[in-house]
Amino acid sequence: MQIMAKASIFRRTAALAGVVIGSLAAVVTVRAVTLTSRQPSAVAPTIPALTSDGELRAQRLGQAIRFQTVSRDGQPPATAEFEKLHEFLRQSYPKVAASLPRETVGGLSLLYKWQGADPQARPILLLAHQDVVPVDPATESRWHKPPFGGELADGFVWGRGSLDDKCSMMAIFEAIELLLARGHQPQRTVYLAFGHDEEAVASGGASQIAELLRTRGVQLELTLDEGLTVLKGMMPGVKRPVALIGVSEKGFINVELEAAGEGGHSSMPPRQTLIGRLGRALVRLEAQQMAAELRPPTSDMFDFLAPEMSWPLKPIIANRWLFGPILRWQLQQANSTRALLQTTQAPTMLSGSPKSNVLPQAARATINFRIRPGDTTEQVVRHVRAAVSDAEIKVTAQPGSGTEPSPVSDVHSALFATFSKTVVSLFPDALVAPGLMIGASDGRHFVPVSDSVYRFVPMVLEPEDLPRLHGTNERIRISDYLQMIRFYAQLVQNLDGQR
Ligand SMILES: [Zn+2]
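Residues numbered from 1 in each chain as written. Predicted model: local features only at pLDDT ≥ 70, side-chain atom pairs only at ≥ 80, totals over all residues.

A. The environment of Val453, seen in detail. Summarising the element assignment, Val453 is placed in strand 16 (residues 450-461). Using a count of 29 C-beta atoms within 10 Å as the deciding quantity, one classes Val453 as buried. Distance in space between the C-alpha atoms of Val453 and Gly18 is 50 Å, their sequence separation being 435 residues. Excluding anything up to four places from it in sequence, Val453 contacts Thr223, Asp225, Ser406, Ser409, Gly443, Phe446 and Val447. (Helix = DSSP H or I, 4+ residues; strand = E, 2+ residues; numbered from the N terminus. Buried ≥ 20, exposed ≤ 12 C-beta atoms within 10 Å, placed from the backbone. Contact = placed C-beta atoms within 7 Å.)

Quick look at the structure:
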């Protein structure tokens, strides 16, 4: 009898479990198949393809690369090279020079203003940087073309800055010159700004431009800076290229740990040395990472891409209420995706005594944090103190190093829709999604004077291109560069209509 009752309870439980699993599967499937696309419909661009004079435009980018506007940490800027570049820009773009008043800010940064006809329309700003990172002399022989030669070969423009970021700067100039030649008169004012020290540790040119605009009472609707791009073959579950529009960038802070003591001769060391104590603190810190969470703009990115994804990723992303923990775990397995979910911590510098037989009087470690939207510099310092949990270790934020994560620009606005539409009109194969930029750029300085800041370079990058950024054999496909010019021109025109 008891066995019979047990069997019947088991049958009923199994049946109930079956119903629950069946319903869950149904909900999961229905949610996945009923996702509606967030993709804008492509409209044919009104700016024609730049075929006849494409070579000439590419040559001008090559010429700009030849000016060695290199930023080196702790060294003054290469003023003469910047000044030659400025003169080259003036001569190469006579219509810009004639119609857009230019100001020099912070020594070598440039600000142009294209006055709009409608004083009510809010201005926009296109931002890029003139400077480039150095070329490591030890790697120079690996370049197929000289890094500062600006040569055109095999359908590419070669050299430092062809991807980061002289391509953006030159494409913006080409676009405005093109619009002026077409007789375009903007309704809203268009500012162009080009910092000279984005790649330096203490960048200042762009922040001074932003401050200047603030004192003049300028409030921009959009600042567009370098940042994310159209990525090909890099997004799992998506076959088409993905244009990621950076709507926020991570903050950063350097935190220093210090163990201080007597020092002395290394022949009579204490059982626990300062370096040992510091090491223990670092091990504890590494064991306690800050929380990983899927929140905007990374969650927005998945919302935009999920409807276009293939199975089995699509139902997983569409049902984050159920699969959230699995997805989070999966994304944490690769460093590149983990960085999207959490504030990362990287010990980068260590110091002890200056000599092998001297005990240090202080042992120090510097940890570089990249802060995701939602966390703050203050939380980071609190987290370090709690994780280290040692009163003998001094924890301090490096003075002047802290920058909060940028606010997340609205991805449901008319502005974002117009921007996305422009992207797909020039890149019809691509899907559009908002994204988080994990690096830092000048765009963050414009947060106080701009309702939205987007970080996007209109170019296609494949996995094999990534090591070329700040690396060897930097180059841009000429056809891609011409498409960039077209994008900026089309964008200025479309945003004028969108007001
Ligand atoms: Zn850059």
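On we go from here.
B. Up close: the sheet that holds strand 14 (residues 393-397). One open sheet holds the 4 strands; their spatial order is 11-13-9-14, and the pairing between them is antiparallel. The open sheet terminates on both sides in strands that have one partner only, identified here as strand 11 (344-351) and strand 14. Ignoring strand direction, the axes of neighbouring strands in this sheet form an average angle of 20 degrees. Pairing of strand 9 (residues 251-260) with strand 14, which is carried by 5 bridges, proceeds in the antiparallel orientation. In the sheet register, Val255 faces strand 14, and the bridge partner there is Ala397. (Pairing = 2+ DSSP bridges. Axes fitted to C-alpha atoms, helices over the stretch in contact; angles between N-to-C directions.)

C. Summary view of unusual backbone geometry. For the bond from Pro296 to Pro297, the omega torsion is 5 degrees, close enough to zero to count as cis. When you line up the elements, Pro297 lands in the loop between helix 7 (274-287) and helix 8 (298-305). Cis geometry is adopted by the peptide bond preceding Pro312, which originates at Trp311 and carries an omega value of 5 degrees. Along the chain, the position of Pro312 falls in the loop between helix 8 and helix 9 (313-318). Unlike most non-glycine residues, Ser389 shows phi in positive territory, near 45 degrees. Position of Ser389 among the secondary structure elements: in the loop between helix 12 (377-388) and strand 14. Of note, the phi angle at Asn473 is positive, near 60 degrees, even though the residue is not glycine. Positionally, Asn473 belongs in the loop between strand 16 and strand 17 (475-477). Overall, the presence of 17 C-beta atoms within 10 Å leaves Asn473 in the partly exposed class.

D. How the structure looks around the packing of helix 2 (residues 54-66) against helix 14 (residues 478-498). Between helix 2 and helix 14, the shortest axis-to-axis distance is 10 Å and the interhelical angle comes to 90 degrees. On the basis of their axis angle, the class for helix 2 and helix 14 is roughly perpendicular. Residues Gly54, Arg57, Ala58 and Leu61 of helix 2 pack against Ile478, Tyr481, Leu482 and Ile485 of helix 14. (Parallel < 35°, antiparallel > 145°, perpendicular 65-115°, else oblique.)

E. Examining the pairing of strand 6 (residues 190-195) more closely. Among the 6 residues that make up strand 6, 6 are buried, leaving the element largely enclosed by the rest of the structure. With burial as the criterion, each face of strand 6 is covered, one bearing Val190, Leu192 and Phe194 and the other bearing Tyr191, Ala193 and Gly195. By the bridge criterion, 5 bridges tie strand 2 (residues 109-114) to strand 6 in an arrangement that is antiparallel. Each bridged residue has a counterpart across the sheet, and for Lys113 the counterpart in strand 6 is Tyr191. Strand direction decides the pairing type here: strand 3 (residues 124-129) and strand 6, joined by 6 bridges, are parallel. Following the sheet pairing, Ala128 is matched in strand 6 by Phe194.

F. Region of the structure containing the packing of helix 5 (residues 166-181) against helix 14. Relative orientation of the contacting elements helix 5 and helix 14 amounts to 55 degrees, with a least axis distance of 8 Å. Comparing the axis directions of helix 5 and helix 14 gives the class oblique. Crossing of helix 5 over helix 14 shows right-handed handedness. Along its contact with helix 5, which presents Cys167, Ala171, Ile172, Glu174, Ala175, Leu178 and Leu179, the element helix 14 presents Tyr481, Met484, Ile485, Tyr488, Ala489 and Val492. Residues of the contact of helix 5 with helix 14, tallied by class, amount to 12 nonpolar, no polar and 1 charged. (Left-handed = near helix turned anticlockwise from the far one by under 90°. Nonpolar A, V, L, I, M, F, W, Y, C, P; charged D, E, K, R; others polar.)

G. Here's a closer look at the environment of Thr36. Within the fold, Thr36 resides in the loop between helix 1 (2-33) and helix 2. Residue class for Thr36 comes out exposed when judged on the 6 C-beta atoms lying within 10 Å of it. Thr36 sits 268 residues away from Phe304 along the chain, and the two C-alpha atoms are 9.5 Å apart.

H. Fine view of the domain arrangement of the chain. When cut into domains, the chain gives domain 1 (54-249 + 407-498) and domain 2 (251-397). On a C-alpha basis, the centroid separation for the pair domain 1 and domain 2 is 32 Å. Taken together, the contact pairs 17 residues of domain 1 with 16 residues of domain 2. Where the side of domain 1 that touches domain 2 is concerned, the elements lending two or more residues are strand 8 (242-249) and strand 15 (431-437). (Domains from an automatic or database assignment.)

I. Focus on helix 3 (residues 79-92). Taking 1.5 Å per residue, 14 residues should reach 20 Å; helix 3 reaches 20 Å between its end C-alpha atoms and fits that length. Where helix 3 is buried, its residues touch helix 2 and helix 5. (Expected span 1.5 Å × (residues − 1).)

J. Representation of the sheet that holds strand 4 (residues 152-153) in the model. An order of 4-5-17 is seen for the 3 strands of this open sheet, with the pairing classed as antiparallel. Each edge of the sheet is formed by a strand with only one pairing partner; in this case those strands are strand 4 and strand 17. Lying on the sheet, helix 14 is in contact with strand 5 (156-158) and strand 17; it crosses strand 17 at an angle near 75 degrees.

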